[in-house]
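Examining the three-dimensional arrangement
What follows is each chain in one-letter form.
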Amino acid sequence: GAQEVKFIGFDNFRYIFGQQNFQQSVRNTFILVFFLQTLKLILGLGIASLLNQAIRGRAFFRGLVLLPWAMPAFVAYLLWKFLYDPTQGGAFNMILGELFGTQLDFLSSKELAMPSVIVASFWRGFPFWVISFLAAMQGISVELYEAAAMDGATAWQRFRHITLPGIRHVVLVISLLSTIWTTNSFENVWLLTQGGPSDATMTFPVLAYFGM
């Protein structure tokens, strides 16, 4: 005969949310997203504002800032893994060894693993913010800045009252898109730490890959 189907309600959800590794992955994902988005927003606005000025070599720097974004993610994170290498072959430890006579296990230390992933992920993703902000800034009339400067407005006042209102819609859209992408990001954690050490960098996408 037909098997009796038993409705279990929300038992599956209670089971998942009760798992320690799931709770840790949610915390790690929140930490990764929060610090990455904060860094990208602040530094993205700063770098875009700088590149929007009439500085020497502006075209070169605009092209240079695109390099991390244009590089395949696989290559970018393997490059950072090599830089973080705990042996003398790793560039960062080579510098630390020369200057301070010490070495750090960037990706094998519970204290340093997440900050290391955040730094590498920021380097890979910040050009998207910079270019988007820069494009929005170039759509603001130069006459507005000139009029404000004639009225005695400082650089900060021009940025606050002209630049920010002029690009606020772009800031909101980019922040939303990047938050979604970062929450679902897999390559950065997988290629650098695979969620370790001891789940210190285990994010939800990586945990889902392992099948919980």
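For the structure, check the block above.
Here goes a summary of the coordinates provided. (Residues numbered from 1 in each chain as written. Predicted model: local features only at pLDDT ≥ 70, side-chain atom pairs only at ≥ 80, totals over all residues. Heavy atoms only, no water.)

Attention now goes to the overall build of the chain. Assigned secondary structure in the chain consists of 11 helices and zero strands. Of the regular secondary structure in the chain, the N- to C-terminal order runs α-α-α-α-α-α-α-α-α-α-α. By the compact-globule yardstick of 17 Å for 212 residues, the chain is too spread out, its C-alpha radius of gyration being 22 Å. A principal-axis box enclosing the C-alpha atoms of the chain has dimensions of 85 × 55 × 25 Å. Counting all 212 residues of the chain, 36% fall into the buried class. (Helix = DSSP H or I, 4+ residues; strand = E, 2+ residues; numbered from the N terminus. Rg over C-alpha atoms; globule rule 2.2 N^0.38 Å. Buried < 20%, exposed > 50% of the residue type's maximum accessible area, 1.4 Å probe, protein only.)

Moving on, we come to the environment of P165. By secondary structure assignment, the location of P165 is in helix α9 (residues 155-183). Judged by its relative accessible area of 33%, P165 falls in the partly exposed class. Taking C-alpha positions, P165 is 9.9 Å from I140, a pair spaced 25 residues apart along the chain.

Right, let's talk about the packing of aromatic side chains for a bit. One pair of aromatic rings is described through two measures. These are the centre distance and the angle between the planes. Summed over all chains, the structure comprises 20 aromatic pairs. Measuring from centroid to centroid gives 6.1 Å for F30 and F34, while their planes differ by 15°, and the two rings are stacked. Here F30 and its partner F34 are both found in helix α2 (residues 20-51), four residues apart, which amounts to about one turn of the helix. Here F30 falls in the exposed class, since its relative accessible area comes to 58%. A ring pair is formed by W80 and F92, whose centres lie 5.8 Å apart and whose planes are at 55°; its orientation type is tilted. In this pair, W80 is assigned in helix α5 (residues 73-83) and F92 in helix α6 (residues 91-100), connecting sequence segments 12 residues apart. (Phe/Tyr/Trp six-rings, centres within 6.5 Å; stacked < 30°, edge-to-face > 60°.)

In this section: α9. Counted at 1.5 Å a residue, the expected span for α9 with its 29 residues is 42 Å, but the 35 Å between its end C-alpha atoms falls short. Where α9 bends most, at R168, the angle is about 55°. Along α9, the residues that are buried comprise F159, I162, T163, I167, V171, I174, S178 and T182. Where α9 is buried, its residues touch α2, α7 (113-137) and α8 (142-150). (Expected span 1.5 Å × (residues − 1). Bend = angle between axes of the 7 residues up to and from the residue. Contact = heavy atoms within 4.5 Å.)

The contact between α8 and α9 brings their axes to 11 Å, and the two run at 150°. When the interaxial angle is binned, α8 and α9 end up roughly antiparallel. Considering only the axes of α8 and α9, their crossing is right-handed. Where α8 abuts α9, its residues L144, Y145, A148 and A149 lie against R158, I162 and T163. (Axes fitted to C-alpha atoms, helices over the stretch in contact; angles between N-to-C directions. Parallel < 35°, antiparallel > 145°, perpendicular 65-115°, else oblique. Left-handed = near helix turned anticlockwise from the far one by under 90°.)

As a further point, take the nonpolar core. Membership of the largest hydrophobic core comes to 42 residues, with the highest contact counts inside it found for L32, F133, I167 and L192. Sorting the residues of this core by element identifies α2, α5, α7, α8, α9, α10 (187-192) and α11 (204-210) as the ones contributing at least two each. It is α7 that contributes the most residues to this core, 13 residues altogether. (Core = buried A, V, L, I, M, F, W, Y, C linked by side-chain atoms within 4.5 Å.)

Cis geometry is found at the peptide bond from G196 to P197, where omega equals -5°. You can see P197 is positioned in the loop between α10 and α11. A positive phi is found at S198, a non-glycine position, where the angle reads about 55°. Counting through the fold element by element, S198 comes out in the loop between α10 and α11. The class for S198 is exposed, based on a relative accessible area of 61%.

Moving on: the environment of A59. Turning to its location among the elements, A59 is positioned in helix α3 (residues 58-65). By relative accessible area, which is 65% here, A59 ends up exposed. Once the C-alpha coordinates of A59 and S185 are considered, the two residues, 126 residues apart in sequence, prove to be 31 Å apart.

A few words on a nonpolar patch on the surface. Among the surface-exposed residues, L66, W69, V173, L176, L177, I180 and W181 lie close enough to one another that they form a single nonpolar patch of about 640 Å² accessible area. Judged by its relative accessible area of 47%, V173 falls in the partly exposed class. (Patch = residues over 30% accessible without salt bridge, like charges linked within 9 Å, V, L, I, M, F, W, Y side chains within 5 Å. Areas by Shrake-Rupley, 256 points an atom, 1.4 Å probe, with all protein chains shown as cover. Salt bridge = Lys/Arg side-chain N within 4 Å of Asp/Glu carboxyl O.)

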